[in-house]
Structures are given as C-alpha cells and as structure tokens.
Amino acid sequence: MVYPASMLSECAMSKPQAPSLDRRQLITAGAGAAALAAGARAEARTAQAAAQPVKLSTPCVVSTWDFGVAANAAAWAVLAKGGAALDAVEAGARVPEADLKNHSVGRAGYPDRDGHVTLDASIMDQKGDCGAVAGLEHIAHPISVARRVMERTPHVLLVGDGALQFALEQGFPREELLTPESRKAWKAWLKEKKYKPVANSEVRTYDRDLGMPGGKKNHDTLGMLALDARADLSGACTTSGMAWKMRGRVGDSPIIGAGLYVDNDVGAATSTGVGEEVIRNVGSFLVVELMRQGRSPRDACREAVQRILRRNVTRDPDFQVGFLAVNKAGEAGAWAVQKGFSYACCDATSQTRILQSESFS
Ligand code: SD4
C-alpha cells in the first residue's frame, strides 16, 4: 500500500496534543496552501464529503459494513419502541452472530489455524459499565455472554475456558460452531498455512457470488453504536477475529477502549480491521477523546487512523482498519486506512442507508 505523500507528511507534522487545525480549517483560513498542493485529489474527496456531515435524528443506530443494515433493523425494532440503546445493540449484534453465511462473526466464523472457532465480543452502556469475552468457544452469541459478564460478575473480561464455563453456567447452549463450509475453507488454508490478513478479505468469504468490498453482501466484524430516545449511548462489538490466527490470539474487539468505547457525555466509537493496529493505539478511546476535544466523529476517526499510520510499526503494509463514531447529537462519521469500508445508518428517516467511509487511499 502506498499512502499519498500529503497524508504521510501530515502524519509527520501532527502534534500529539492540542486539537490541531484540520484540512478544512486550513483551507478556510487561507493558510497552508503550499502544504495542500500535494495530494490534491485525495483532499478534494475529503472536502466534498466533509461538506455533507451525516446527521441522524434521535434515536439512531450505526453499524460497520453493509451487513450492518440487517443488524440495525433488529436494533431499530428496540429503539423505535422507546427501548434502551443497550438492548438495541445486543439485539443487533446477535443478527450476524446467527448468520451462517457470515464467516467473521459468531456461528460459522472461520477458525484459528488449529481449527478452533474462538469468538470475541464486548458491550458498553451509558453508565460506562462494560463486559467482554475473548477466545470464547462453542457459544454462538458472545455478545450476550459479554452482557452477562457486565451485569452478573464483578469483572469486565472473561477469556477462554473460564468464559465458556461462565456461559454454560448462565444457561447458554453449547454447540459446534465450525460448520462444514468453514471446515472446508480451513482445510484449504492448511495446504499453504500462510497467515496474511488481506484488507477486506472477510468480505470475499461471505457468499461465493459476493462482489466487492462495499458491495451489497460485504461484511466483517460488527461494531454497533446506538443512541436511544433518552439520548443514552451504548455500543457492541462482536467477531470471530482474524481467520487462521494463532491459538489464543485476541484482537481489538473485546478490548474496551480498542474495539469499542462509549462515553455518554461525548459519543461512542468502534473499529474493524486488523486488531493489533487498533490495540496499539487504543483506537476507539482515542476517537472518543478527540470528539471530547471538539472534533466531529469523521475528523476524530480520521485522526485515529493517522495515529496508527504515523506509528509505523505495522507488520503488514497492506492492512485495513476502519473506525466508526457517533456523538451525542446524532452526528456519525467514519474513516479507514484504505477504501472498501462501509457503514450502515438507521434513524426514523431511513433504516437502510449505507455510506462509504472516506479513507487515505
Ligand atoms: C480482530 N478487528 O480480531 C477484528 C477482526 C476484524 O476484519 O475486524 N476483521 O482484529
């Protein structure tokens, strides 16, 4: 992946503190014209999108990827009746978890390199309470187990066998999550045993006739953020993680502050893509803190992606990370490392809107 020179120099120049002027402000102020000369094409796209902020009415719900539309529908059924954001995000996250065509969330998720399907999920409410599970096997709905961790234990995160034991004690059914189709894919992978996350690759595993990233059938980790009629925020994140990962590997999705963060005073954020990159930068917490400093959701996501790129400890030069955020006013925004990241928006006006995230390439 080659990033636009303008973006890289901007990364290098960025001040870690202080809400620096963003591109639009620089343009408005008439300053930095020389700096803007390079990479004009990418910036034109940025400016155009920035001129059209995504403003949703309250209540509303947003989700990562096109398949977030189906998840949003379940969340909307809760929100439209005046239900709580927390109930909405749990209901929404359960949709892809149950979808057998979805190989990166819940049941039928692709396994690790040893053939174990291990699920990660987190949930966070308007009080700042949260729960999560990591490396959970044999339970199709990790998001609901995460909620039980939040509500029925003194802990935030349960992992592996302990998480499974807790889930079984709570009455969740034990089942085989590795479907024949996922097993076949794993067996095919074993021939080469090459671990290389490909940007938006999960998109191509959804259905054999699937189409491109951003297309109708694309999907990935589900990150969902809801604002209910009382203006309370909650979020959920659920995934089977990176396909063919090492046994025991945990990504960003169950790590509060990385894959998900909610601050009811400010807003909420979630992420998708290569979790290692997000964890190193505590990405979702960073997005929320940037919104606290006055950034729009879109600009906060953009800065968080820049932060990841600026660190330059990336193991894979062709990785994808996308952030999605919403603030207390119902403004939504996203940014990704590279194109292909979409998100689904739902409010009283439209329940099926899909938007393409801006990106640096
Ligand atoms: C992870 N962020 O486990 C998740 C997986 C994901 O595209 O989003 N894949 O790192």
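Residue positions are given per chain, counted from 1 along the sequence in the order it is written. Totals for whole chains, interfaces and linings use all residues, but because this is a predicted model, local features are given only for residues with pLDDT of at least 70 and pairs of side-chain atoms are given and counted only at 80 or more.

## Looking at the overall build of the protein chain
- Segments assigned H or I by DSSP are reported as helices when at least four residues long, segments assigned E as strands when at least two residues long, and all are numbered from the N terminus. Scanning the protein chain from N- to C-terminus turns up 12 helices and 14 strands.
- Any residue surrounded by 20 or more other C-beta atoms within 10 Å of its C-beta is treated as buried, while 12 or fewer makes it exposed and the intermediate range makes it partly exposed; C-beta atoms here are placed from the backbone. Within the protein chain, buried positions represent 53% of all 361 residues.

## What to know about the nonpolar core
- Formed by 95 residues in total, the largest nonpolar core has its most connected members in A75, V287, V305 and A325.
- Take this core: its biggest share by element is 7 residues, from helix α6 (residues 85–98).
- Nonpolar cores are built from buried Ala, Val, Leu, Ile, Met, Phe, Trp, Tyr and Cys residues. These are joined into a set through C-beta atoms within 7 Å. Counting residues in hydrophobic clusters, the runner-up holds 5 residues, among them Y110, W186, A243 and W244.

## A closer look at the packing of α6 against helix α7 (residues 142–152)
- Orientation of α6 relative to α7, taken along the N-to-C sense of each, is 145°, at an axis distance of 8 Å. Every residue of α7 that contacts α6 at E90, A93, R94 and E97 is listed here: I143, S144 and R147.
- Residue composition of the contact of α6 with α7, by class: 2 nonpolar, 1 polar and 4 charged. In this analysis, axes come from line fits to C-alpha atoms, helices being fitted only over the stretch in contact, and the angle between any two N-to-C directions falls in the range 0 to 180 degrees. Whether two residues are in contact depends on their C-beta atoms, placed from the backbone: they are in contact if these lie within 7 Å. Gly is put with the polar residues, along with every residue not named as nonpolar or charged; the nonpolar set is Ala, Val, Leu, Ile, Met, Phe, Trp, Tyr, Cys and Pro, and the charged set is Asp, Glu, Lys and Arg.

## Looking at unusual backbone geometry
- Look at the link from T58 to P59: it is a cis peptide, with omega at 5°.
- Within the secondary structure, P59 is located in the loop between β1 (54–55) and β2 (60–64).
- Within the chain, A231 stands out as a residue other than glycine whose phi angle is a positive 65°.
- For W244, which is not glycine, the phi torsion reads 70° and is therefore positive.
- In this fold, W244 is placed in the loop between β7 (233–239) and β8 (260–263).
- The class of W244 is buried, set by 21 C-beta atoms lying within 10 Å.

## Regarding the site of the ligand
- Within the structure, the ligand sits among 14 residues, and T221, G241, G251, T272 and G275 are positioned closest to it.
- Residue composition of the shell around the ligand, by class: 2 nonpolar, 9 polar and 3 charged. Each residue gets a C-beta atom placed from its backbone. Should that atom fall within 6 Å of a molecule or strand, the residue is termed near it.

## Observations concerning helix α12 (residues 297–311)
- Multiplying 1.5 Å by the residue count of a helix minus one yields the expected span of that helix. When the terminal C-alpha atoms of α12 are compared, their 22 Å separation across 15 residues agrees well with the 21 Å that a helix rising 1.5 Å per residue should span.
- With respect to burial, α12 is a largely interior element, 12 of its 15 residues being buried.
- Regarding α12, the residues found buried are P297, R298, D299, A300, C301, R302, E303, A304, V305, R307, I308 and L309.

## A few points about the sheet that holds β2
- Strand order in this open sheet of 8 strands is β5-β4-β3-β7-β6-β2-β12-β13, and the pairing throughout is mixed. Since the sheet does not close on itself, it has two edges, and those belong to β5 (157–159) and β13 (353–356), each with one partner. Taking the axes of each pair of neighbouring strands and ignoring which way they run, one obtains an average angle of 10° across the sheet.
- We treat two strands as partners when DSSP finds at least two bridges between them. Two elements, strand β3 (residues 119–124) and strand β4 (residues 130–136), share 5 bridges in a ladder whose sense is antiparallel. Paired with M124 across the bridge in β4 is C130.
- The strands touched by helix α5 (residues 68–79) are β2, β6 (222–227), β12 (342–346) and β13; relative to β2, the strand with the most contacts, the crossing angle is about 155°.

## Side note on the confidence of the model for the protein chain
- A score from 0 to 100, pLDDT tells how confident the predictor is in each residue. Averaged over every residue, the pLDDT of the protein chain is 83; residues scoring 70 or more account for 78%.
- Low pLDDT, under 50, characterises residues 1–48; the predicted model gives this stretch 45 contacts beyond four residues in sequence or across chains.

## What to know about the pairing of strand β9 (residues 267–273)
- Taking burial as the measure, the 7 residues of β9 include 7 buried ones, the bulk of the element.
- Every second residue of β9 is oriented toward a common face, with G267, A269, S271 and G273 on one face and A268, T270 and T272 on the other, all of them buried.
- Summarising the sheet, β8 and β9 pair through 4 bridges and their orientation is antiparallel. The residue of β9 that forms the bridge with V262 is A268.
- Hairpin connection of β8 to β9: 3 residues between the antiparallel strands.
- Across 7 bridges, the pairing between β9 and strand β10 (residues 321–327) is antiparallel. Along β10, the bridge assignment pairs T272 with G322.

## A closer look at the packing of α5 against α6
- It is the contact of α5 with α6, at a shortest axis distance of 7 Å, that shows an interaxial angle of 150°. Looking at the two axes, α5 sits roughly antiparallel to α6. Handedness of the crossing formed by α5 with α6: right-handed. In contact with A70, A71, N72, A74, A75, V78 and L79 of α5, α6 contributes D87, A88, V89, A91, G92, A93, R94, V95 and P96.
- Here the contact of α5 with α6 is built from residues that sort into 12 nonpolar, 2 polar and 2 charged. Oblique is the label for every angle not falling under 35 degrees (roughly parallel), over 145 degrees (roughly antiparallel), or within 65 to 115 degrees (roughly perpendicular). We call a crossing left-handed when the near helix sits turned anticlockwise from the far one by less than a right angle, and right-handed when that turn is clockwise.

## Some words on the pairing of β13
- Judged from the 4 bridges that link them, β12 and β13 form a sheet pairing that is antiparallel. What sits directly across from Y343, in β13, is L355.
- Between β12 and the antiparallel strand that follows it, β13, lie 6 residues.

## With respect to α6
- Between its first and last C-alpha atoms α6 spans 20 Å; for 14 residues at 1.5 Å apiece the expected length is 20 Å, and the two agree.
- When we look at burial in α6, the residues that qualify are A85, L86, A88, V89, E90, A91, G92, A93, R94, V95, P96 and E97.
- Residues of α6 that are buried make contact with β2, α5, β3, α7, β6 and β7.

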